[in-house]
Amino acid sequence: RRENNNLGQAAALTNLSLVYQKLGRWEEANTVINQSLNLLGWDDSSLQFNKQSNSELWEVIGQTLDIRAGLLLKQGKSNESLEISQQAEQIWNKLNNSLGVTKSRINQAQALRVSGFYRRSLNILEQVSQDLKAQPDSPVKVAALRTLGNTHQQLGNLKESRDILLQSLDIARRLQLSPEIALTQLSLGNTIRSFNNGKQTAIN
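Throughout what follows, the structure given in this document is the object of discussion. Since this is a predicted model, take the numbers as computed values, not measurements.

### Examining the packing of helix 7 (residues 139-154) against helix 9 (residues 178-193)
For step 1, the next point in the chain: One way to put it is that helix 7 packs onto helix 9 with a least axis distance of 10 Å and a crossing angle of 15°. Viewed along their axes, helix 7 and helix 9 adopt a mutual orientation that is roughly parallel. Judged by the sense of rotation from one axis to the other, the crossing of helix 7 with helix 9 is left-handed. Taken together, the residues of helix 9 that come into contact with helix 7 (itself represented by Val-142, Arg-146, Asn-150 and Gln-153) are Glu-180, Leu-183, Thr-184, Ser-187, Asn-190 and Thr-191.

### Description of the environment of Val-142
For step 1, the next point in the chain: Considering the arrangement of structural elements, one finds Val-142 in helix 7.
For step 2, the next point in the chain: C-alpha of Val-142 to C-alpha of Glu-3: the two residues are 139 residues apart in sequence and 39 Å apart in space.
For step 3, the next point in the chain: When residues no more than four places from it in sequence are discounted, the contact partners of Val-142 are Ser-168, Ile-171, Ala-172, Leu-177, Glu-180 and Thr-184.

### Let's talk about the layout of surface pockets
For step 1, the next point in the chain: Considered as a void within the structure, the largest pocket measures approximately 1,300 Å³ in volume.
For step 2, the next point in the chain: As for the largest pocket, its lining consists of 37 residues, of which Asn-107, Gln-110, Ala-143, Arg-146 and Glu-180 are closest to the centre.
For step 3, the next point in the chain: For the lining of the largest pocket, the elements supplying multiple residues, two or more each, are helix 1 (6-22), helix 3 (55-74), helix 4 (78-94), helix 5 (98-114), helix 7 and helix 9.
For step 4, the next point in the chain: Each residue belonging to the lining of the largest pocket can be placed in one class, and the counts come to 15 nonpolar, 15 polar and seven charged.

### Here's the deal with unusual backbone geometry
For step 1, the next point in the chain: Residue Asn-4 is not a glycine yet carries a positive backbone phi of 55°.
For step 2, the next point in the chain: Classification of Asn-4 by relative accessible area gives exposed; the value is 66%.
For step 3, the next point in the chain: Phi is positive for Asn-96, close to 55°, though the residue is something other than glycine.
For step 4, the next point in the chain: Of note, Asn-96 is situated in the loop between helix 4 and helix 5.
For step 5, the next point in the chain: What makes Asn-96 exposed here is its relative accessible area of 70%.

### Observations regarding the pattern of salt bridges
For step 1, the next point in the chain: Across all of its chains, the model carries eight salt bridges by this definition.
For step 2, the next point in the chain: Notably, a salt bridge pairs Arg-146 with Glu-180, separated by 2.7 Å at the nearest N-O pair. Of this pair, Arg-146 sits in helix 7 while Glu-180 sits in helix 9, and the two are 34 residues apart along the sequence.
For step 3, the next point in the chain: Here Arg-146 falls in the buried class, since its relative accessible area comes to 11%.
For step 4, the next point in the chain: Between Asp-163 and Arg-162 there is a salt bridge whose closest N-O contact spans 3.6 Å.
For step 5, the next point in the chain: In this structure, a network of salt bridges that share partners links the residues Asp-137, Lys-141, Asp-170 and Arg-174.

About the cut-offs
Residues numbered from 1 in each chain as written. Predicted model: local features only at pLDDT ≥ 70, side-chain atom pairs only at ≥ 80, totals over all residues. Heavy atoms only, no water. Axes fitted to C-alpha atoms, helices over the stretch in contact; angles between N-to-C directions. Helix = DSSP H or I, 4+ residues; strand = E, 2+ residues; numbered from the N terminus. Parallel < 35°, antiparallel > 145°, perpendicular 65-115°, else oblique. Left-handed = near helix turned anticlockwise from the far one by under 90°. Contact = heavy atoms within 4.5 Å. 1 Å grid on protein atoms, 1.4 Å probe; cavity = no way out; pocket = protein on both sides within 12 Å on 5 of 7 lines; lining within 4 Å. Points joined across faces, edges and corners; volume = space filled by probe spheres on them. Nonpolar A, V, L, I, M, F, W, Y, C, P; charged D, E, K, R; others polar. Buried < 20%, exposed > 50% of the residue type's maximum accessible area, 1.4 Å probe, protein only. Salt bridge = Lys/Arg side-chain N within 4 Å of Asp/Glu carboxyl O.

Shown next, in the form of structure tokens:
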């Protein structure tokens, strides 16, 4: 702030919002991420900036919108989360950033799944899964496959859910991503529990 560096200050506030989210301090998380968007000159009603924009500015605001979408979803505001994720996707498309597009589409699918729109969520995730096949293994790929597996589980497609979650787990293990391994194992346990005589395997 002392340096009048709005872009750097906005990025710091966005990261601060993540810290507040981890602490469950939702009011502070909302406040600082809104401050970040104001510093960036973001107008979410018109997808326009209030000042001269550049690629670095677009990138920071895309990241900020993705984090804001996640924050809204954690607070049960799935419709708002979906809208913000769609705006973020437009920005990543503008930047030709395929990884950013993938993250935003995963956020959209999660919002739709929470709202009960399992089929729409599944359609998005299946397309994401196809897109990811050509990409190298990454944490984003692990998350996309896990979310796809969770959606299949919600739809009762247990075999598909298990097979996809095993793919996610295999990649997470190869990349040695301990938190992702744990999350995917939890999802896999929930799916296996729904199989006949699957209780002990699910517990393991």
